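# Observations on the model geometry
One letter stands for each residue in the lines below.
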Amino acid sequence: MAFNFFSRLPQCLILSIEMQDARTASRIHGEAFTRAWGDGEFESLITQQAVFGFLACPEGRARTAAAGFVLSREAAGEAEILSIGISPKQRRSGLGWRLMLSAMKEAKRRGAEEMFLEVDETNTAAVTMYRKLDFIKVGERGAYYAKEGAARTTALVMRCDLR
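Treat the numbers as computed from the prediction; the structure is a model and nothing was measured. Residue indices begin from 1 for each chain and proceed along its sequence in written order. Only residues with pLDDT of at least 70 are given local features in this predicted model, and only at 80 or more are side-chain atom pairs given and counted; all residues enter the totals for whole chains, interfaces and linings. With hydrogens and water stripped out, all remaining heavy atoms of the structure feed into the side-chain values.

## A few points about the overall build of the protein chain
Only DSSP runs of H or I reaching four residues or more are called helices, and only runs of E reaching two or more are called strands; each is numbered from the N terminus. In terms of regular secondary structure, the protein chain is built from four helices and seven strands. Helices and strands appear in the protein chain in the N-to-C order β-α-α-β-β-β-α-β-α-β-β. With the radius of gyration taken over C-alpha atoms, the globule rule is written as 2.2 Å times the number of residues to the power 0.38. For 163 residues, the compact-globule estimate of 2.2 N^0.38 gives 15 Å, and the protein chain sits close to it at 15 Å. Its C-alpha atoms give the protein chain principal-axis dimensions of about 40 × 40 × 35 Å. Evaluated residue by residue, the protein chain yields a buried proportion of 44% over its 163 residues. Contact between two residues is taken to exist if any of their heavy atoms lie within 4.5 Å; hydrogens are not considered. Within the protein chain, contacts between residues separated by at least 24 positions form 62% of all contacts whose residues are at least 6 apart in sequence. In summary, the charge assignment counts Lys and Arg as positive and Asp and Glu as negative, without counting His or the chain termini. To locate a charge, the coordinates of NZ of Lys, CZ of Arg, CG of Asp or CD of Glu are taken. Positive and negative charge centroids in the protein chain, built from 23 and 20 side chains respectively, lie 5 Å apart. Burial classes: relative accessible area under 20% of the type maximum marks a residue as buried, over 50% as exposed, and values in between as partly exposed (1.4 Å probe, protein chains only).

## Here we look at the environment of Ala25
Mapped onto the fold, Ala25 is located in helix α1 (residues 22-32). Sequence separation between Ala25 and Ala143 is 118 residues; the distance between their C-alpha atoms is 26 Å. Not counting the four nearest positions on each side in its chain, Ala25 is found in contact with Ile17, Phe42 and Phe69.

## What about the nonpolar core?
Formed by 31 residues in total, the largest nonpolar core has its most connected members in Met100, Met115, Tyr130 and Phe135. For this core, the elements supplying multiple residues, two or more each, are β2 (51-58), β4 (78-86), α3 (95-109), β5 (114-120), α4 (124-132) and β7 (150-161). Ignoring sequence-local partners within four residues, the contact set of Met100 consists of Val70, Ile81, Ile84, Leu117, Met129, Tyr130, Leu133 and Phe135. Only buried residues count toward a nonpolar core. Its members are Ala, Val, Leu, Ile, Met, Phe, Trp, Tyr and Cys residues joined through side-chain atoms within 4.5 Å.

## Structural notes on the packing of aromatic side chains
When the centres of two rings from Phe, Tyr and Trp lie within 6.5 Å, Trp using its six-membered ring, the rings pair. Their planes under 30 degrees apart give stacked, over 60 give edge-to-face, and anything left gives tilted. Using the criterion set out here, one finds four aromatic pairs in the structure. Here the aromatic rings of Phe42 and Phe69 are separated by 5.4 Å at their centres, their planes lie at 85 degrees, and the arrangement is edge-to-face. In this pair, Phe42 is assigned in helix α2 (residues 39-46) and Phe69 in strand β3 (residues 68-75), connecting sequence segments 27 residues apart.

## What about the side chain of Arg98?
By secondary structure assignment, the location of Arg98 is in helix α3. Each salt bridge in this description consists of a side-chain nitrogen of Lys or Arg and a carboxyl oxygen of Asp or Glu lying within 4 Å of one another. Despite its burial, Arg98 pairs with no opposite charge, the nearest such side chain being Glu59 at 7.7 Å. Any N or O atom pair separated by 3.5 Å or less is treated as a polar contact, with the protein-specific requirement of one donor-capable and one acceptor-capable atom, and with residues adjacent in sequence counted only for side-chain atom pairs. At a separation of 2.8 Å, a polar atom in the side chain of Arg98 contacts the main-chain carbonyl oxygen of Cys12.

## So, the packing of α1 against α2
Axis angles are defined between N-to-C directions and span 0 to 180 degrees, where every axis is a line fitted to C-alpha atoms and, for a helix, only to the segment in contact. Viewed as axis vectors pointing N to C, α1 and α2 meet at an angle of 125 degrees, and their least axial separation amounts to 8 Å. Viewed along their axes, α1 and α2 adopt a mutual orientation that is oblique. Two packed elements cross with a definite hand, and for α1 against α2 that hand is right-handed. Facing Ala22, Arg23, Ala25, Ser26 and His29 of α1, the residues of α2 in contact are Asp39, Phe42, Glu43 and Ile46. In the scheme used here, Gly and all other residues not listed as nonpolar or charged are polar, with Ala, Val, Leu, Ile, Met, Phe, Trp, Tyr, Cys and Pro taken as nonpolar and Asp, Glu, Lys and Arg as charged. Split into classes, the residues belonging to the contact of α1 with α2 amount to four nonpolar, two polar and three charged. In this scheme, roughly parallel covers angles under 35 degrees and roughly antiparallel covers those over 145, while 65 to 115 is roughly perpendicular and the rest are oblique. Crossing handedness: left-handed means the near helix sits turned counterclockwise from the far one by under a right angle, and right-handed means the same turn made clockwise.

## Overview of the side chain of Glu114
Mapped onto the elements, Glu114 comes out in strand β5. Using a relative accessible area of 16% as the deciding quantity, one classes Glu114 as buried. In terms of polar contacts, Glu114 uses its side chain to reach the side chain of Arg159, at 2.5 Å. Contact partners of Glu114, with chain neighbours within four places excluded, come to Gly77, Glu78, Ala79, Arg159, Cys160, Asp161 and Leu162.

## Things to note about the environment of Glu59
By secondary structure assignment, the location of Glu59 is in the loop between β2 and β3. Not counting residues within four places of it along the chain, the set of residues in contact with Glu59 comprises Gln11, Cys12 and Leu13.

## Some remarks on the confidence of the model for the protein chain
One number per residue, pLDDT, summarises how confident the predictor is, and it ranges from 0 to 100. Of all residues in the protein chain, 94% have pLDDT values of 70 or greater, and the mean over the chain is 91. Across residues 1-7, confidence stays below pLDDT 50; counting only partners more than four residues off in sequence or on other chains, it has 11 contacts.

## Some remarks on the environment of Leu13
Relative to the helices and strands, Leu13 resides in strand β1 (residues 12-16). For Leu13, a relative accessible area of 40% translates into the label partly exposed. For the pair Leu13 and Ala56, spaced 43 residues apart in sequence, the C-alpha to C-alpha distance is 5.6 Å. When residues no more than four places from it in sequence are discounted, the contact partners of Leu13 are Leu55, Ala56, Cys57 and Glu59.

Quick look at the structure:
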């Protein structure tokens, strides 16, 4: 992975997500997706033993000022990205890359040999990033994502070997 994605990186710390971060993750999710997850949904996931995640926090600022998050789950040697979101002002800055690398490293540390994710096929920036992280398309879910006032779009199912 020789691509230099770090030339415009904001000064952010990548921190393990905690229960106190549920509201912040929900806020970022709402900025990133049409159908946002609520605080309760994040709290329910964060309390699960198999779930882990990371928050991208501007250096010297409160966790509530986070600009991105990733939430993942590992079970039986496989990991999945449950959700990843970056605040609109921070997109294409390298935060998604850093969060994904953190999730992939932690999944491997926990014993996962592969990682899966689903991404809207129309989200070309995300699809490009995942391909650069060595994810490959292994399937599709037709008409999976609903968009306000638009036709439903296909989810690409992607996989990465962590070995």
